[in-house]
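Per-entry structural report
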Amino acid sequence: MRTVKEVSKLTGVSVRTLHHYHAIGLLLPSQVTPAGYRLYDEQALARLQMILLFRELEFPLAQIQEILDAPGFDRPQALREQIKLLELRRERLGRLIRLAQETLDKGENHMDFTAFDAKELEAYAKEAKERWGGTPAYQEFQERAKGKPDFAQASRLMDCFAQLGRVKDQDPASPEVQKLVEALRQTISENFYTCTPEILRGLGEMYAADPRFRENIDRAGGPGAAEFASRAIAAFQ
């Protein structure tokens, strides 16, 4: 058995994050002592490893939990899929490194945009998520997406981030900001899938951690909007 501090030191995952995983039911300690200390056995560490691999592939926490808790979850198959995705990412990073080196060697006028093509990686990620996505939220999203223009959905979502961006100098936990967080949650529920507070918290982490989400949200709400939205969602009750 390892304490939460020992697990944090071993894995690099902060104690705060481990507490959050416990709070949302993603990673439960194997035992809690009468004094309140969380202890983790090898099985818990194996689950944490799976969580970290999915996080590295930018899966939101809510989806990771649904995948790992699904009755038909196949760990060896999931690992094979993760390996394939990581290999594709490695290949793309290799192309980007070569491009940067060639640009350095040949001068700033050397232009080659093929290295930025992520279609293969994105297509495989979509296929993998669909294979693991037999969850109520994912099925609801698929059903709602039929015949509805993605642009309109995205526009409504970006409007929410624009409003959050306008108040990013305020306390994230203030009533005004929290009202906008609730509006964001309702917008997601109305346009994509039922967004529970637990799912929203997972999304909030992704908004600040994922460069693509961060760029789009900051474009809508101004620099720092994604980070502010993440903190406001973390304070949401």
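As a starting point, this report considers the structure included with it.

Conventions adopted
Residues numbered from 1 in each chain as written. Predicted model: local features only at pLDDT ≥ 70, side-chain atom pairs only at ≥ 80, totals over all residues. Heavy atoms only, no water. Helix = DSSP H or I, 4+ residues; strand = E, 2+ residues; numbered from the N terminus. Buried < 20%, exposed > 50% of the residue type's maximum accessible area, 1.4 Å probe, protein only. Contact = heavy atoms within 4.5 Å. Arc of directions from axis to C-beta. Axes fitted to C-alpha atoms, helices over the stretch in contact; angles between N-to-C directions. Parallel < 35°, antiparallel > 145°, perpendicular 65-115°, else oblique. Left-handed = near helix turned anticlockwise from the far one by under 90°. Salt bridge = Lys/Arg side-chain N within 4 Å of Asp/Glu carboxyl O. Nonpolar A, V, L, I, M, F, W, Y, C, P; charged D, E, K, R; others polar.

1. Quick notes on the environment of Val177
With respect to the helices and strands, Val177 occurs in helix α9 (residues 175-191). Its relative accessible area of 0% is what places Val177 among the buried residues. Each C-alpha atom of the pair Val177 and Phe236 lies 9.5 Å from the other, and the pair is 59 residues apart in sequence. If near-sequence neighbours (up to four positions away) are discounted, Val177 is found in contact with Leu164, Val167, Gln170, Asp171, Pro172, Phe228 and Ala232.

2. A look at helix α1 (residues 4-11)
All of the buried residues in α1 are Val4, Val7 and Ser8. Looking down the long axis of α1, one finds its buried residues gathered within 100° of arc, a one-sided arrangement. For α1, the exposed residues lying more than 90 degrees away from the buried face are Lys5, Lys9 and Leu10. In the core, the buried residues of α1 are packed alongside β1 (2-3), α2 (15-23), β3 (38-40) and α3 (42-56). Phi turns positive one or two residues past the end of α1, at Gly12, with a value near 85°.

3. Some points on the packing of helix α10 (residues 197-209) against helix α12 (residues 225-234)
Between α10 and α12, the least distance of the axes is 8 Å, while the angle of their chain directions is 155°. Relative to α12, α10 is oriented roughly antiparallel. Along this stretch, α10 crosses α12, giving a crossing that reads as left-handed. Within the contact between the two elements, α10 uses Leu200, Arg201, Gly204, Glu205, Tyr207 and Ala208 and α12 uses Ala226, Glu227, Ser230 and Ile233.

4. Describing the pattern of salt bridges
Note on pairing: side chains with opposite charge can pair once their charged atoms come close. The full count for this structure, using the stated rule, is five salt bridges. Between Glu205 and Arg55 there is a salt bridge; the shortest N-O distance is 3.7 Å. Taken together, the residues Glu205 in helix α10 and Arg55 in helix α3 connect sequence positions 150 residues apart. Assessed through its relative accessible area of 24%, Glu205 is described here as partly exposed. Arg55 gets classed as partly exposed once you look at its relative accessible area, which sits at 22%. We note a salt bridge from Arg201 to Glu198, for which the minimum N-O separation is 3.6 Å. Here Glu198 and Arg201 lie together in helix α10, a separation of three residues that amounts to about one turn. Take Glu198: its relative accessible area is 43%, and that puts it in the partly exposed class.

5. Describing the packing of α1 against α2
For the pair α1 and α2, interaxial distance at closest approach is 9 Å and the crossing angle is 115°. The element α1 and its partner α2 pack so that their crossing is right-handed. Between α1 and α2, the contacting residues are Val4, Lys5, Val7 and Ser8 on the first element and Val15, Leu18 and His19 on the second. By residue class, the composition of the contact of α1 with α2 is four nonpolar, two polar and one charged.

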